Amino acid sequence: MLTVSNLKVSYGQSEVIHGLDFAVAKNETLAIMGRNGMGKTTLFKSLIGILPSTEGNINIDGVDVTNTESYRRVENGIAYVPQGRMIFPTLTVQENIETGMEVSKLKKIPDDIYALFPVLHEMRSRKGGNLSGGQQQQLAIARALVTNPKVLLLDEPTEGIQPSIIKDIANVLNELKKLRDITIIVSEQVLSFTQAVADRIIVIDKGEFIHEDTKDNVNTDVIRKYLSV
Amino acid sequence: MGEYTYSELGSILAMQGFAGISLFSVLLLMALGLAIIFGQMGVINMAHGEFMAVGAYTTYFLSVLTEQYLPSLMPYYFIFAIVIAFLVAGVLGYLAEFALIRHLYKRPLDTLLATWGLSLIMQQSFRSIFGAREVSPTLPEWLLGSYQPTETIDIPLNGIFVLVLTGVVTLGVFYLLYKSSWGLRVRATTQNRVMSGAVGINTKKVDRYTFALGCGIAGIAGAAFTTIASTGPTTGSLYIVDTFMVVVFGGAASLFGTIVSAFTIAQTQSILEFFISGSMAKVYTLFALVLILMFKPEGLFASKVRR
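Note that this is a predicted model, so its numbers are computed, not measured.

S.K.: For this particular structure, what's the right way to read the interface of chain B and chain A?
M.R.: When the parts of a complex come together, some accessible area is lost, and that lost area is often used as the size of the interface. Taken together, the contacts link 20 residues of chain B with 25 residues of chain A. Elements represented by at least two residues in the side of chain B that touches chain A include exactly α6 (181-191) and α7 (193-198) of chain B. Each residue belonging to the side of chain B that touches chain A can be placed in one class, and the counts come to eight nonpolar, eight polar and four charged.

Take a look at the structure:
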């Protein structure tokens, strides 16, 4: 579904992602784990086209999207939930969701979105900026889902969110995988969350993949060791 | 003020107040265009006044054409002139964005310089095409004359017309911004351009149409302007400063603030002008403005949310 080959990303002269190769299959959930500053967010930003890649290829469902603009990539089926949510603070919850519907040409917010996130329906006419962190996270996911993505990118969805809501978000993602054909790539530092949602776990360190496990034989101790500072 | 009786003072207030409303209308139309362009792409369009002049000259040109070839249509041409002024200024704005401004989005100071250069080019073009003398279109009969509610109050009809026109355009802009999908895209891009792209909005296309719309509204302001004053090559630059004042005072992101601040500034100036000289009126207005902005640097109406 998503194939990335020899991806290199730099900030000015300093290269941060050093030629990553990976592929994610249809309906697979891949978790990318790593400490702060190891290149998770940089990788995600280059996948959605916010940061340009200096080398390599990104391919979504057979379409080469390398060096295209963000909105083109969204049209080709990739959706992005950024670290820190980045919802539109002065738009209402409903309007926030509707911004994602330019691509999918939906006229009305689909019922299944509000079914997944009942709290957003309750708060639909409030300003996005006045929601709590957990609610904003749900809003950011809803906004990404209405683009009808084939690949959903979630950058640290649990950051700054209380444990009970983290569980809710894991449940939503698992529910989503049952409802739709969707490939999910999530970057994380919380191992319990990752184990609840991911089919495969990759550890990134200094812009390179150093460890890979499938869900059934996750070596928690090894991954913990990589994540500890 | 001792030499005026109370009823005379009342009439003066009403009439000057109404003269202020004409100024308010033009300022508001100008500021609307400027504010949506600034809000959308952070470009301060120094040539905005010249786009207003484009609207005014278009109206003048059409009036000359109609007088020469279709004199029977004189009573109606003005309505078409407004629409055509909008279109001409809008298309020119679209071209300016396409040819010039879109290359400079990452260099905001350069857009200031570039649009200023554009304004000089446009001023000289007006001078070359229409001459340096001020021109006025022949207004249709129904715009002349005045309405006299009492013996001492004279309210010019063109002022009423301009006010109604401004109301319609303002409502139209409100509707577009808050009810249409284009408006949603604009408001999203205004808040977070990068993220708007990442939810699938083609921000560059939104920019181009927003710039065109802002310039088009300036064109309408120009058409309205011809009913209250004559147009010269430098007309636009005279109004641009006041327009900036309106936008800053109202809070750049708030349409409602723009309306209130246009009203306040226009009325203060117009009413003060009757009692003291025009330039002193301006001094007092600016002074009050500076004081208020010291305490409310974000303008009168800044939207309050967690960020």
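Once the structure has been displayed, the description carries forward.
S.K.: Would you mind going over helix α4 (residues 108-130) of chain B with me for this structure?
M.R.: Given 3.6 residues to a turn, an α-helix orients residues that are three or four positions apart in the same direction. All names here are of chain B. Spanning 23 residues, α4 covers 33 Å between terminal C-alpha atoms, matching the ideal 33 Å at 1.5 Å per step. For α4, every residue scored as buried is listed here: T111, A114, T115, L118, S119, M122, Q123 and F126. Against α2 (48-69), α3 (77-99) and α9 (235-250) lie the buried residues of α4. Just past α4, the residue G131 takes up positive phi, approximately 90°.

S.K.: Sorry, what's going on with the sheet that holds strand β4 (residues 55-60) of chain A here?
M.R.: As a general point, the strands of a sheet are linked pairwise by backbone hydrogen bonds and lie either parallel or antiparallel. Residues and elements named next belong to chain A. Taken together, the four strands give an open sheet; going across it, the order is β2-β1-β4-β5, and neighbouring strands pair in antiparallel fashion. The open sheet has two edge strands, β2 (14-24) and β5 (63-64), and neither has a second partner. Each of β1 (2-11), β2 and β4 is contacted by helix α1 (residues 40-48), which is oriented at about 70° to β2, the strand it contacts most.

S.K.: How should the pairing of β2(A) be read in this particular structure?
M.R.: Taken residue by residue, a regular strand's side chains alternate between the two faces of the sheet. Residues and elements named next belong to chain A. Bridge count for β1 against β2 is eight bridges, and the pairing is antiparallel. Bridged to T3 within β2 is A23. Following β1, the chain reverses through two residues before pairing antiparallel with β2; G12 in that reversal takes a positive phi of roughly 60°.

S.K.: Teacher, can you tell me more about the nonpolar core here?
M.R.: Generally speaking, soluble globular proteins have nonpolar side chains that are buried together. In terms of nonpolar packing, the biggest core is built from 139 residues, with L153(A), L27(B), L29(B), M30(B), A31(B), I220(B) and A221(B) touching the most fellow members. In terms of residues, this core owes the most to one element, helix α1 (residues 6-41) of chain B, which gives 19 residues. Other than its neighbours up to four places away in sequence, M30(B) contacts H48(B), M52(B), A218(B), A221(B), Y239(B) and T243(B).

S.K.: Looking at this structure, I do not really get the confidence of the model for chain A. What am I missing?
M.R.: The predicted coordinates ought not to be read in detail in places where the model reports low pLDDT. Chain-level pLDDT for chain A is 91 on average; 100% of the residues reach the 70-or-more range. Per-element confidence in chain A ranges from a low mean pLDDT of 86 for helix α10 (residues 220-227) of chain A to a high of 95 for strand β7 (residues 151-155) of chain A.

S.K.: Please explain the packing of α1(B) against helix α5 (residues 157-179) of chain B as it appears in this structure.
M.R.: The relative placement of two packed helices comes down to the angle between their axes together with the axis-to-axis distance. Residue and element names in this part refer to chain B. At a minimum axis separation of 9 Å, α1 and α5 run at an interaxial angle of 30°. Taken together, the axes of α1 and α5 are roughly parallel relative to one another. Judged by the twist between their axes, the crossing of α1 over α5 is left-handed. Residue-level contacts link F18, I21, S22, S25, L28, L29 and L32 of α1 to G159, V162, L163, T166, V169, T170 and V173 of α5. Of the residues in the contact of α1 with α5, the class split is nine nonpolar, five polar and no charged.

How each quantity is defined
Residues numbered from 1 in each chain as written. Chains lettered and ligands numbered in written order. Predicted model: local features only at pLDDT ≥ 70, side-chain atom pairs only at ≥ 80, totals over all residues. Contact = placed C-beta atoms within 7 Å. Helix = DSSP H or I, 4+ residues; strand = E, 2+ residues; numbered from the N terminus. Nonpolar A, V, L, I, M, F, W, Y, C, P; charged D, E, K, R; others polar. Expected span 1.5 Å × (residues − 1). Buried ≥ 20, exposed ≤ 12 C-beta atoms within 10 Å, placed from the backbone. Pairing = 2+ DSSP bridges. Axes fitted to C-alpha atoms, helices over the stretch in contact; angles between N-to-C directions. Core = buried A, V, L, I, M, F, W, Y, C linked by C-beta atoms within 7 Å. pLDDT = per-residue confidence, 0-100. Parallel < 35°, antiparallel > 145°, perpendicular 65-115°, else oblique. Left-handed = near helix turned anticlockwise from the far one by under 90°.

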